[in-house]
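What follows is each chain in one-letter form.
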Amino acid sequence: MILSRQQPGKKRLIPLALLVLSLLAPPVDGLAQGRRGNTPSPEEIRKQYEKMQEKERSREARPYERDHSNIHGPLKEIIARLGNCTVRVFCDGQKKSLGTVLSKRGEVLTKASELKGKIECRLADGGTLPARVVGVSEPHDLALLQLEGNLIGELQPVRLSIDAPPSVGSFIATADSAGGVLAIGVVSVAPRGLKQRGILGISFSQREDSTKLGQVFPGTGAAKAGLKVGDEILEIDGKAVSSGREVAEILGKKLPGDKVHLKIRREAKELEIDAKMGSDIEPDRQNRLDRMNLLAGPLSQRRSNFPTVLQHDTYLFPNECGGPVVSLDGRVIGINIARGGRVESYALPATETFEIFLQLRAGNLGPSPDYLARLSVSEIDKKMASLSGKLETAEKTLQDSTRQIEKLKSEIDELRKARISREKAEKAMPTRRRL
Amino acid sequence: MRKPPGRLALALLAACTLSWAIGPGTLAAQEAKTQEPSRLEKLLAGEPPETIQDLKAMQERFRSLAAQLVPCTVGLRVGGAQGSGVIISEDGYILTAGHVSGQAGRTVTVILHDGRQVKGKTLGGDFELDAGLIKIEEKGEWSYAKMGKSKELGRGQWCICIGHPGGYRPGRSAPVRVGRILDNRTSGIRTDCVLVGGDSGGPLFDTQGRIIGINSRIGSSVRSNLHAPIDAFTNGWDRMVKGETWGGRQRQFSGPARGGPWLGVTSDPDSDNARIGKVSEKSPAAKAGIKPGDIVTRFDGKNIGNFQDLARLVREKKPGDEVEMAVIRENQTLKLKIKLEKYEGDN
């Protein structure tokens with residue numbers, strides 16, 4: 001790990017209080033995310049971040065900065081035209097996210113993983129509506145909320161754009177719950193799948209040309225598999241490795257849950273060990289890159305493993321996800337789904353969001369008793385008919401499979417019998433005499 | 001003074017043309033010299049946009065620049081660390097940060113925008129301003145960007161920054177960020193184009209697509225993003241091409257002073273650890289049995305992270321001092337005793 005260039009007491013290049021970190025990425029990927037050292041308690045960190053957010057959002061940007069109201073000005077009109085389409089989601093009284101109104105019936109999409117306890121949604125004028133979860137799409141981290149009460153009439157649904165999302169370099173704005181502009185940004189990367197990388201939980205000693213473990217982090221797949229500091233990795237999945245970078249390259253392609261087969265040398269013995277890759281959820285302040293990513297504010301707990309996201313550079317806080325993202329032509333091009341790092345926020349593109357909305361609404365994803373309680377008799381009948389059809393198909397498949405299993409079993413049985421008699425015959429055969 | 005309508009129409013026309021012009025700088029620069037800047041040029045220089053049309057015109061420029069400049073931006077692997085860079089010539093010169101390239105003569109893996117990897121070598125650098133130069137050593141055709149000037153950049157002017165945050169990631173194009181110049185000094189440019197680890201060495205462009213800075217370091221605020229000024233490269237070009245390094249950390253790498261303490265080793269430029277490159281004959285190091293490739297981990301009871309640490313601790317000693325050292329050689333930690341001598345060479 002390379003240390004910062006800045007020498008204490010030396011003249012700083014630009015006299016700013018906190019210019020401390022040069023921007024190298026750490027040498028290895030997919031390996032260790034350690035948990036050690038004197039880190040502040042989660043509660044302390046939360047408070048510190050809350051202060052930061054309050055300061056950031058109440059601060060009037062300078063006229064020469066990107067997020068000055070001058071730049072927001074023309075966008076305000078566009079967002080105002082969308083009307084009362086964004087709500088603030090509270091869980092047990094805590095601000096957790098924004099929500100995007102999808103129908104006049106009070107259906108709202110929001111970030112699922114932040115939800116817990118008693119859910120309420122607040123409108124721009126301060127009116128509060130109770131909400132319940134209708135369904136959740138885990139892969140997209142989207143939840144469909146049903147708001148209740150007569151204030152529903154004040155909500156205005158957004159129309160999710162079916163056009164292609166704007167290209168890299170395009171301006172986008174995130175709406176706030178008061179019908180204004182929360183922040184702006186540009187599209188950084190076109191939509192792509194975001195796989196969470198697997199973490200084994202090891203790091204190497206200072207040496208870059210050895211595969212000897214410098215650390216094994218507690219609670220990780222490496223620790224569970226019994227790897228120890230000083231173990232030398234010889235092979236991964238049958239492939240010989242000789243440097244930390246080679247190990248990183250192989251492990252960097254693994255996903256959480258993947259298994260790896262390791263051949264190691266411990267003292268003079270060679271051992272074979274199976275380990276399972278874990279996932280890295282908590283950013284780690286000891287890790288240089290994570291520390292930089294946390295420098296300007298907190299990250300979403302769930303910020304990876306999405307089927308598709310559009311990356312943009314809007315400065316958002318985790319509790320500002322869930323709201324609509326708007327392009328310069330007034331289209332709602334997606335919903336913010338995660339704060340991923342210092343330079344990245346993610347939005348689910350509108351087409352995917354709409355698809356998931358339809359599935360959630362139909363109860364195809366995590367139907368809940370709440371959802372069923374809302375349906376009319378005829379809707380229930382329709383649903384039952386559809387499910388009966390699916391059940392029939394499934395039963396037929398099962399019958400086919402059972403038949404197939406019987407057939408395969410009897411074939412194997414035949415072979416086994418044949419093998420036994422053949423074996424006997426071979427044994428009984430006299431050894432050939434040499435003539 | 002009011003503009004005659006004909007002139008305004010002409011200016012708007014120019015703006016439209018520029019928005020999809022491919023060659024950076026050419027038309028726009030001429031336009032700016034010969035007549036009053038167009039509405040778009042004024043907006044890009046920092047005038048507040050008044051309508052959505054204003055923002056759309058700016059956006060058109062950002063889009064075309066992004067498409068054109070992402071392919072010029074590369075990922076770099078030097079020693080054990082990852083950074084970014086930008087190709088600036090047909091023959092493969094790459095600008096990066098001084099702290100990415102480090103000493104001259106190191107081997108570099110250059111990862112092009114399409115994932116292809118080619119080999120390069122580090123050349124010189126100005127470590128005071130954090131400017132470093134690399135050259136691709138293979139033959140090929142590269143997309144490249146032009147160098148601009150940083151001296152006259154004004155506060156509020158729009159800019160684009162590209163790099164590989166977290167290092168090059170397959171399946172992700174280099175993320176584009178847009179922001180404005182907040183501060184411009186000869187020592188560095190501050191913008192609100194957000195940066196993070198791995199962006200080091202990536203380019204900062206003006207709205208004509210010319211490189212005006214190289215990503216260098218950050219502070220805690222999203223508005224503390226620092227870039228080495230491009231003028232550092234222009235001014236130090238000849239020295240950098242020759243492989244000369246100067247300023248900043250370089251001073252700490254200066255050899256032993258005549259009459260000062262002497263160990264008799266040089267660093268391995270491809271390593272970020274205190275790895276020994278060469279051992280001088282009949283030097284204290286040679287007598288103590290230090291060999292090229294050894295990694296020094298302790299010196300005089302103190303931990304050593306890199307060669308700088310070692311050089312600093314040696315300088316704190318006197319000729320004749322006896323010191324204990326620990327080195328790693330072939331997975332074994334060896335303890336050595338060494339007697340420093342007086343340096344008699346010239347330096």
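What you see is a predicted model, and the numbers here were worked out from it, not measured in a lab. (Residues numbered from 1 in each chain as written. Chains lettered and ligands numbered in written order. Predicted model: local features only at pLDDT ≥ 70, side-chain atom pairs only at ≥ 80, totals over all residues.)

Scanning chain B for helices and strands turns up 8 helices and 22 strands. Relative to its 347 residues, chain B shows a buried fraction of 51%. Look at the contacts in chain B between residues 6 or more apart in sequence, and 61% of them connect residues 24 or more apart. (Helix = DSSP H or I, 4+ residues; strand = E, 2+ residues; numbered from the N terminus. Buried ≥ 20, exposed ≤ 12 C-beta atoms within 10 Å, placed from the backbone. Contact = placed C-beta atoms within 7 Å.)

Looking now at the overall build of chain A. The helix and strand inventory of chain A stands at 8 helices and 21 strands. Of all 435 residues assigned to chain A, the portion counted as buried reaches 40%. Expressed as a percentage of contacts within chain A between residues at least 6 apart in sequence, the contacts between residues at least 24 apart total 62%.

Moving on: the domain arrangement of chain B. Residue and element names in this part refer to chain B. Domain boundaries assigned for chain B yield domain 1 (5-69), domain 2 (73-250) and domain 3 (254-342). At the junction of the two partners, domain 1 supplies 14 residues and domain 2 supplies 17 residues. Only helix 2 (26-34) and helix 4 (52-69) provide two or more residues apiece to the side of domain 1 that touches domain 2. Here the element with the most residues in the side of domain 1 that touches domain 2 is helix 4; it accounts for 7 residues. (Domains from an automatic or database assignment.)

Moving on: the environment of D268(B). Residues and elements named next belong to chain B. When you line up the elements, D268 lands in the loop between strand 16 (265-267) and strand 17 (276-279). Spatially, the C-alpha atom of D268 lies 23 Å from that of R258, the residues being 10 residues apart in sequence. The residues contacting D268, other than those within four sequence positions of it, are R275, I276 and G277.

On to helix 1 (residues 42-58) of chain A, then. Counted at 1.5 Å a residue, the expected span for helix 1 of chain A with its 17 residues is 24 Å, and the 24 Å between its end C-alpha atoms agrees. Among the 17 residues of helix 1 of chain A, 0 are classified as buried, and the element is accordingly described as predominantly exposed. (Expected span 1.5 Å × (residues − 1).)

This part takes up the confidence of the model for chain B. Close inspection of predicted coordinates is inappropriate for parts of the model with low pLDDT. Residues and elements named next belong to chain B. Of the residues in chain B, 87% have a pLDDT of 70 or more, and the chain-wide mean is 86. For the stretch residues 1-32, pLDDT sits under 50, and the model shows 35 contacts to residues farther than four places along the chain or on other chains. Interface confidence for the predicted complex, given as ipTM, is 0.71, next to a pTM of 0.71. (pLDDT = per-residue confidence, 0-100.)

Further remarks concern the environment of G169(A). For G169(A), the position within the fold is in the loop between strand 7 (142-147) and strand 8 (171-175). We classify G169(A) as buried; it has 24 C-beta atoms within 10 Å. Along the chain, G169(A) and R122(A) lie 47 residues apart, while their C-alpha atoms are 33 Å from each other. With residues up to four places along the chain from it excluded, the contact list for G169(A) reads V186(A), V187(A), Q59(B), F62(B), R63(B), L65(B), A66(B) and V176(B).

All names here are of chain A. Here helix 6 (residues 350-361) is 12 residues long and its end C-alpha atoms lie 16 Å apart, about the 16 Å a rise of 1.5 Å per residue gives. Among all positions of helix 6, only A350, E352, T353, I356, F357 and L360 are buried. Buried residues of helix 6, seen end-on, are gathered within an arc of 155° and therefore sit on one face of the element. (Arc of directions from axis to C-beta.)

Moving on to unusual backbone geometry. With phi around 65°, N305(A) is a residue other than glycine that occupies positive phi space. Looking at where N305(A) falls in the secondary structure, it is placed in the loop between helix 5 (288-294) and strand 18 (306-312). Take N305(A): there are 18 C-beta atoms within 10 Å of it, and that puts it in the partly exposed class. Here K282(B), not a glycine, exhibits a phi torsion of approximately 60°, which is positive. In this fold, K282(B) is placed in the loop between strand 17 and helix 7 (284-288).

Here we come to the interface of chain A and chain B. Taken together, the contact between chain A and chain B spans 51 residues of the former and 68 residues of the latter. Of all the secondary structure elements, the ones that give two or more residues to the side of chain A that touches chain B are strand 1 (21-22), helix 2 (69-82), strand 9 (181-194) and helix 5 of chain A.

This part takes up the pairing of strand 2 (residues 81-87) of chain B. All names here are of chain B. Judged by how many residues are buried, strand 2 sits mostly within the fold: 7 of 7 residues are covered. Burial of strand 2 is two-sided: the residues A81, G83, G85 and I87 facing one way and the residues Q82, S84 and V86 facing the other way are all buried. Connecting the antiparallel pair strand 1 (residues 73-78) and strand 2 is a turn made up of 2 residues, with G79 showing a positive phi of about 60°. Where strand 2 lies against strand 3 (residues 93-96), 2 bridges are found, and the strand directions are antiparallel. Across the sheet, the residue bridging to I87 is I94, located in strand 3. (Pairing = 2+ DSSP bridges.)

What follows is about the sheet that holds strand 5 (residues 119-122) of chain A. Residue and element names in this part refer to chain A. Taking strand neighbours around the barrel as the criterion, the 6 strands line up as 2-3-4-7-6-5 in a closed arrangement whose pairing is antiparallel. Within the sheet, the average angular offset between the axes of one strand and its neighbour, ignoring direction, is 40°. Relative to strand 7, strand 6 (residues 128-137) runs antiparallel, the two being bridged by 6 bridges. Residue pairing across strands places V133 opposite L145, the latter belonging to strand 7. (Axes fitted to C-alpha atoms, helices over the stretch in contact; angles between N-to-C directions.)

Bringing the sheet that holds strand 19 (residues 324-327) of chain A into the picture now. All names here are of chain A. Strand order in this closed barrel of 6 strands is 8-9-18-21-20-19, and the pairing throughout is antiparallel. Direction aside, the axes of adjacent strands within the sheet are offset by 50° on average. Pairing of strand 8 with strand 19, which is carried by 3 bridges, proceeds in the antiparallel orientation. Counterpart to I172 in the pairing with strand 19 is S327. Its contacts with the sheet put helix 2 on strand 8, strand 9 and strand 19, and the angle it makes with strand 9 is roughly 75°. Here helix 6 sits on the sheet and contacts strand 18, strand 20 (332-341) and strand 21 (344-349); the angle it forms with strand 21, its principal contact strand, is near 55°.

Glancing now at the confidence of the model for chain A. Residues and elements named next belong to chain A. Scored by pLDDT, chain A comes out at a mean of 84, with 84% of its residues at no less than 70. Within chain A, the lowest mean pLDDT, 54, falls on helix 7 (residues 369-374), and the highest, 98, falls on strand 21. Every residue in residues 1-20 scores below 50 in pLDDT, and together they form 35 contacts with partners more than four places removed in sequence or on other chains. In the predicted structure, residues 26-37 sits below a pLDDT of 50 and forms 45 contacts with residues beyond four places in sequence or in another chain.

For a regular strand, side-chain orientation follows a simple rule: the groups alternate between the two sheet faces. Residues and elements named next belong to chain A. Taken together, the 4 bridges between strand 13 (residues 232-236) and strand 15 (residues 259-266) define a ladder with antiparallel strand orientation. Residue I233 lies in a different strand from strand 15, and its bridge partner there is I264. With 2 bridges connecting them, strand 13 and strand 14 (residues 239-240) associate as antiparallel partners. Following the sheet pairing, I236 is matched in strand 14 by K239. Joining the antiparallel neighbours strand 13 and strand 14 is a turn of 2 residues, in which D237 adopts a positive phi near 50°.

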